[in-house]
Amino acid sequence: MQQHFFNLPTDTQALRQQLAANGVVQVNDFLRAEIVAQMEAELSVLPWDMAYIINGRGAKKPISEVMALSAQQQQQLFASITRQAAENQYAFCYDSYMLVTHYLQQTNPSSVFHHYVEQICHPQTVAFMRALTGNQTIVKADGQVSRYLPGHFLRSHDDNGAPVGQVRAAAYTIGLSRHWQPDWGGLLHLQENDGRIRQSLLPSFNTLTVFSVPQHHFVSQVANYCPAARYSIVGWFRSDAQ
Ligand SMILES: O=C(O)CCC(=O)C(=O)O
Ligand SMILES: [Fe+2]
């Protein structure tokens, strides 16, 4: 069966050259219109987890549990996350829906996000990833849906910290929020090794961004006046069978 989620560019040569030269490349209108519409309809009802670093370790808390905390308890939790973010180089706080985990658990087999996992790992999609990167070892991709609300952030890192056994060939994002404004924060900043910003990218709606890893980058904190949530799919093209 053909993959039916993505508008895969057939001419990948210029895109591959851009990725090789700049460490990043973008493809507009990546998801087919009816697929991205289904995703938009499901975003608000996903069983999100709040993902964050606390006491130097990654943690996840179902959003239902966060909501069950009192306003004061929620403030205390967020205050301790941001205090540690000030002290430590690496820190983050955003909401996450782990696509492969939910796929394997069959949480919602009729969800567009369930089918996404099969479609992003489809042989035709993998062939596109290989053509785009020139990396023939890629066998699949993983992913999570992320939601950045006002105050959420992802400090600088280089994507080198894959769990044991996972091999990340390139990082990718697909923006799922319409009409994002640059002064809302939530920009993806790609950095030089010395920390200077090389390029800043809007989380543009239905744009695939592929960037080489390891490469330093961060997502700037979403402004507290931002009227929208920053939704995207983020993950890696992978070269391991895990
Ligand atoms: O959301 C983004 O634009 C980038 C996310 C990212 O860098 C990550 O999840 O490692
Ligand atoms: Fe990253």
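Residues numbered from 1 in each chain as written. Chains lettered and ligands numbered in written order. Predicted model: local features only at pLDDT ≥ 70, side-chain atom pairs only at ≥ 80, totals over all residues.

A. How the structure looks around the UniProt feature "domain: Fe2OG dioxygenase" (unreviewed entry) in the protein. With numbering aligned to this structure, UniProt lists the feature "domain: Fe2OG dioxygenase" (unreviewed entry) at residues 133–239. Along residues 133–239 one finds 1% helix and 42% strand; the C-alpha atoms at either end are 12 Å apart. (UniProt positions renumbered as here; feature names shortened; annotations may be inferred. Helix = DSSP H or I, 4+ residues; strand = E, 2+ residues; numbered from the N terminus.)

B. Main features of the site of ligand 1. Around ligand 1 sit S146, L154, D159, T173, L188, P203, H217, V219, S232 and V234, and that is every residue in its neighbourhood. At the level of elements, β12 (217–219) and β13 (230–238) are the ones that each hand at least two residues to the shell around ligand 1. Grouping the constituent residues of the shell around ligand 1 by class yields five nonpolar, four polar and one charged. (Near = placed C-beta within 6 Å. Nonpolar A, V, L, I, M, F, W, Y, C, P; charged D, E, K, R; others polar.)

C. Summary view of the packing of helix α1 (residues 13–22) against helix α7 (residues 123–133). Two elements in contact, α1 and α7, have axes separated by 7 Å at closest approach and are oriented at 55°. The orientation of α1 with respect to α7, classified from their angle, is oblique. Note on element contacts: α7 touches α1 through A131, L132 and T133, opposite L15, R16 and L19. Class assignment for the residues of the contact of α1 with α7 results in four nonpolar, one polar and one charged. (Axes fitted to C-alpha atoms, helices over the stretch in contact; angles between N-to-C directions. Parallel < 35°, antiparallel > 145°, perpendicular 65-115°, else oblique. Contact = placed C-beta atoms within 7 Å.)

D. Layout of the environment of E192. Tracing the backbone through its elements, the reader meets E192 in the loop between β9 (188–191) and β10 (197–201). Judged by local crowding, E192 falls into the exposed class, with 11 C-beta atoms found within 10 Å. Taking the C-alpha atoms as reference, E192 lies 20 Å from F153; in sequence the two are 39 residues apart. (Buried ≥ 20, exposed ≤ 12 C-beta atoms within 10 Å, placed from the backbone.)

E. Examining unusual backbone geometry more closely. P214 follows V213 through a cis peptide bond whose omega is 0°. By the secondary structure assignment, P214 is in the loop between β11 (208–211) and β12. Even without being a glycine, D29 presents a positive backbone phi close to 50°. A residue is classified by how many C-beta atoms lie within 10 Å of it, and D29, with 14 of them, is partly exposed. We note that H179 has phi near 55°; this positive angle belongs to a residue other than glycine. With respect to the helices and strands, H179 occurs in the loop between β8 (168–175) and β9.

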